[in-house]
Amino acid sequence: MTAAFQRLWQEIATIGRDPRGGYLRYALSEPELVLRDWFRNQAARRDLAVTEDGNGNLFAWWGRPWGPDAVLTGSHFDSVPHGGGYDGPLGIVSAFLAVDALRERGVTPGRPIGIAAFVEEEGGRFGVPCLGSRLLTGAITPEKAAGLCDRDGVTFGEALGARPAGALPGLARRVSAVVELHIEQGKALVDLGAPVGVASAIWPHGRWRMDFTGTGDHAGTTRMADRHDPMLTFAHTVLAANEEARAAGAHATVARVEVEPNATNAIPSLVRGWLDARAADTPTLDRLVEAVLKRATEQAGRDGTGVVVEPESLSPEVAFDTALAARLAGILGGAPILPTSAGHDAGVLSAHVPTAMLFVRNPTGVSHSPAEHAPDEDCAAGAESLATVLEALT
Ligand code: HGY
Ligand code: MN
Ligand code: MN
Ligand code: MN
């Protein structure tokens, strides 16, 4: 399987690679469209029927599309800017390899197997993560999704070339189980000495857009005492988020900022920053965000600036089907069962269908970075494990 993995992996390794490092595979951008063609080609090579759901999600079917009782696997192609190559694509490549492995084992599944390529899982282009799986499950309306804009002002509807189709009726009848394979975004499997693990839960998390407003003015002539500088309030808020997260044993990050007018010699009139906050449970997350908002507002009072915070996307706590997780861990020879604080399409689908995730060991734990990597042998073990799980579920 290692050689088979290497062959398939090589086919996509250069698609969307960015000379400044990592991959630039925004949803429905040129590189991702090339990956989608590669997906169709892989499906054709295996006589798998390809369907699209009108939301930007792509599916390859071994057996009758959409079941009933299909088992859905796969993941996403899109990346964060300059992200690694495994987050997403590993789940799709492994699914094609798992189909090959089942055929080599002489297995004919008793249920249809679907391989999904979900659109905009990272939310890197249109701002809402898991956009494709949220549309498929009705977690976001076609109207709201269609109006989401990228940095160039292109809407999701324009990029898709149509109004999104929205929720697929009868999903729970059509799909009996979902299994998404993903590189682990952490080092738990390294510490446990296991190449593959099974997910138990996804932390609740969300994204909040914070607009800090002040008085734009000349950087050289405005006295310090006369300033109402939103960058100052923003900076305090970033530090507050870090302190509050550490105190709560949670995670908070501000990694995306837009400044107006964004000129070296002009005090900003607006600083827009996005808060990514996550915690092991919902009350802790709520308290964290509340504490950050409180400190931002207090600081704005001191700076004579304004702050408005809007939730942009919320991903509720996910507790995967424990019986299914235990069953898969057993099938995989006692694979560890572990939580994650990374969001996934499987998390969205788990609200509608019994869902599981398989994690592949990541030696450094690093993800959303060009340094993300998993050894070929572990990736091969992941694909073999996915085949075994699909065999058991179908
Ligand atoms: O941000 C996340 O948790 C995921 O990688 N989309
Ligand atoms: Mn991912
Ligand atoms: Mn990711
Ligand atoms: Mn001047």
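All residue numbers here refer to positions counted from 1 along the written sequence of the relevant chain. Ligands are numbered from 1 and chains lettered from A, in the order in which they are written. Note on the predicted model: pLDDT of at least 70 is required for a residue's local features to be given, and 80 or more for side-chain atom pairs to be given and counted; whole-chain, interface and lining totals, by contrast, use all residues. Excluded from the side-chain calculation are hydrogens and water; included are all heavy atoms of the structure.

Peer 1: Please set out the site of ligand 1 residue by residue, giving values where relevant.
Peer 2: We call a residue near a given molecule or strand whenever any one of its heavy atoms falls within 4 Å of it. Around ligand 1, the surrounding shell consists of D87, E121, E122, Q185, R278, A342, G343 and H368. Contacts to ligand 1 include E121, whose side-chain N or O atom sits 3.1 Å from a nitrogen atom. Under the convention used here, a 1.4 Å probe and the Shrake-Rupley method define accessible areas, while residue burial counts only the protein chains that appear. When ligand 1 sits alone it has 210 Å² of accessible area, and the protein chains cover 95% of it. A class-by-class count of the residues in the shell around ligand 1 yields one nonpolar, three polar and four charged. In protein, a polar contact requires one atom able to donate a hydrogen and another able to accept it; more generally it is a pair of N or O atoms within 3.5 Å, and residues adjacent in sequence count only if both atoms are side-chain atoms. Polar here means any residue other than Ala, Val, Leu, Ile, Met, Phe, Trp, Tyr, Cys and Pro, which are nonpolar, and Asp, Glu, Lys and Arg, which are charged; Gly is therefore polar.

Peer 1: Break down the nonpolar core for me, with residues and values.
Peer 2: Of all hydrophobic cores here, the largest spans 53 residues; its most connected members are F39, L90, F96 and L358. Of all the elements, helix α3 (residues 89–104) adds the most residues to this core, at ten residues. We call two residues in contact when some of their heavy atoms are within 4.5 Å. Apart from the residues lying within four places of it in its own chain, the contact partners of F39 are L58, F59, A60, F77, I92, F96, I115, A116 and A117. F234, A250, A252 and V289 belong to the second-largest nonpolar core, a separate cluster that totals 18 residues. Within this scheme, the nonpolar core is defined by two criteria: the residues are buried Ala, Val, Leu, Ile, Met, Phe, Trp, Tyr or Cys, and they are joined through side-chain atoms within 4.5 Å. For the exposure calls, accessible area comes from a 1.4 Å probe over protein chains only, and a residue counts as buried if that area is under 20% of its type's maximum, exposed if over 50%, partly exposed in between. Numbering goes from the N terminus for both helices and strands, where a helix is a DSSP run of H or I of at least four residues and a strand is a run of E of at least two.

Peer 1: How would you summarise the UniProt feature "binding site: Zn(2+) 1" (unreviewed entry) in the protein if you had to cite specific residues and measurements?
Peer 2: UniProt positions are given in the numbering used here, feature names are shortened, and annotations may be inferred rather than shown by experiment. Per the UniProt record, "binding site: Zn(2+) 1" (unreviewed entry) is found at H76, D87 and H182. Over a stretch of 107 residues, the named residues converge on one spot in the fold, their C-alpha atoms separated by at most 9.6 Å. Looking at the element boundaries, H76 is found in strand β3 (residues 70–76). When near neighbours in sequence (up to four residues on either side) are disregarded, H76 contacts D87, G88, P89, I92, F118, E121, E122, E180, H182 and D345. Polar side-chain contacts of H76 include one of 2.9 Å to the backbone oxygen of D78. Within the secondary structure layout, H182 lies in strand β5 (residues 175–183). Look at H182 and you get buried, because its relative accessible area is 1%. Excluding anything up to four places from it in sequence, H182 contacts S75, H76, D87, G88, H344, M357, L358, F359 and V360. Polar side-chain contacts of H182 include one of 2.9 Å to the side chain of D87.

Peer 1: Lay out helix α9 (residues 230–248) in plain terms, naming residues and giving numbers.
Peer 2: Here the expected length of a helix is defined as 1.5 Å per residue gap, with one fewer gap than residues. Taking 1.5 Å as the rise per residue, α9 with 19 residues should run 27 Å; its terminal C-alpha atoms sit 26 Å apart, in good agreement. Buried within α9 are the following residues: P230, T233, F234, T237, A240, A241 and A245. Take α9 and look down its axis: the buried residues cluster within an arc of 125°, on one side only. Pointing more than 90 degrees away from the buried face of α9 are the exposed residues L239, R246 and A247. Structurally, α9 contributes buried residues whose contacts are with β7 (205–213), β9 (251–260), β11 (270–278) and α10 (282–303). Residue D229 occupies the N-cap position of α9, its side-chain oxygen lying 2.8 Å from the main-chain nitrogen of M231. Taking the helix axis as origin, the arc is that swept by the directions to the C-beta atoms.

Peer 1: Explain the coordination of the manganese ion (ligand 2) residue by residue, including any values.
Peer 2: A donor here means an N, O or S atom no more than 2.8 Å from the metal, or no more than 3.2 Å when the metal is Na, K or Ca. Since water is not included, a site may seem to lack partners. Within the protein, H76 (NE2), D87 (OD) and H182 (NE2) serve as the donor atoms for the manganese ion (ligand 2), at 2.0 to 2.2 Å. Here the donor residues for the manganese ion (ligand 2) map to a single chain with the spacing H-x10-D-x94-H. The distance between the manganese ion (ligand 2) and the manganese ion (ligand 3) is 3.5 Å, with D87 acting as a donor to both metals. Separated by 106 residues along the polypeptide, H76 in strand β3 and H182 in strand β5 bring together distant segments of the chain. Judged by relative accessible area, which is 0%, H76 ranks as buried.

Peer 1: I'd like to hear about the UniProt feature "binding site: allantoate" (unreviewed entry) in the protein, residue by residue, with values.
Peer 2: Here the UniProt-annotated "binding site: allantoate" (unreviewed entry) positions come out as R207, N265 and R278. On the basis of their most widely separated C-alpha atoms, the annotated residues across 72 residues do not gather in one place, lying as much as 35.7 Å apart. Along the chain, the position of R207 falls in strand β7. Setting aside residues no more than four positions away along its own chain, R207 makes contact with E122, G123, G127, P129, L275, E310, P311, E312 and S313. At 3.5 Å, the side chain of R207 forms a polar contact with the backbone oxygen of G127. The residue R278 is located in strand β11 in this model. With residues near it in sequence (within four places) discarded, R278 still touches W203, P204, H205, A250, H251, L285, L288, S341, A342 and G343.

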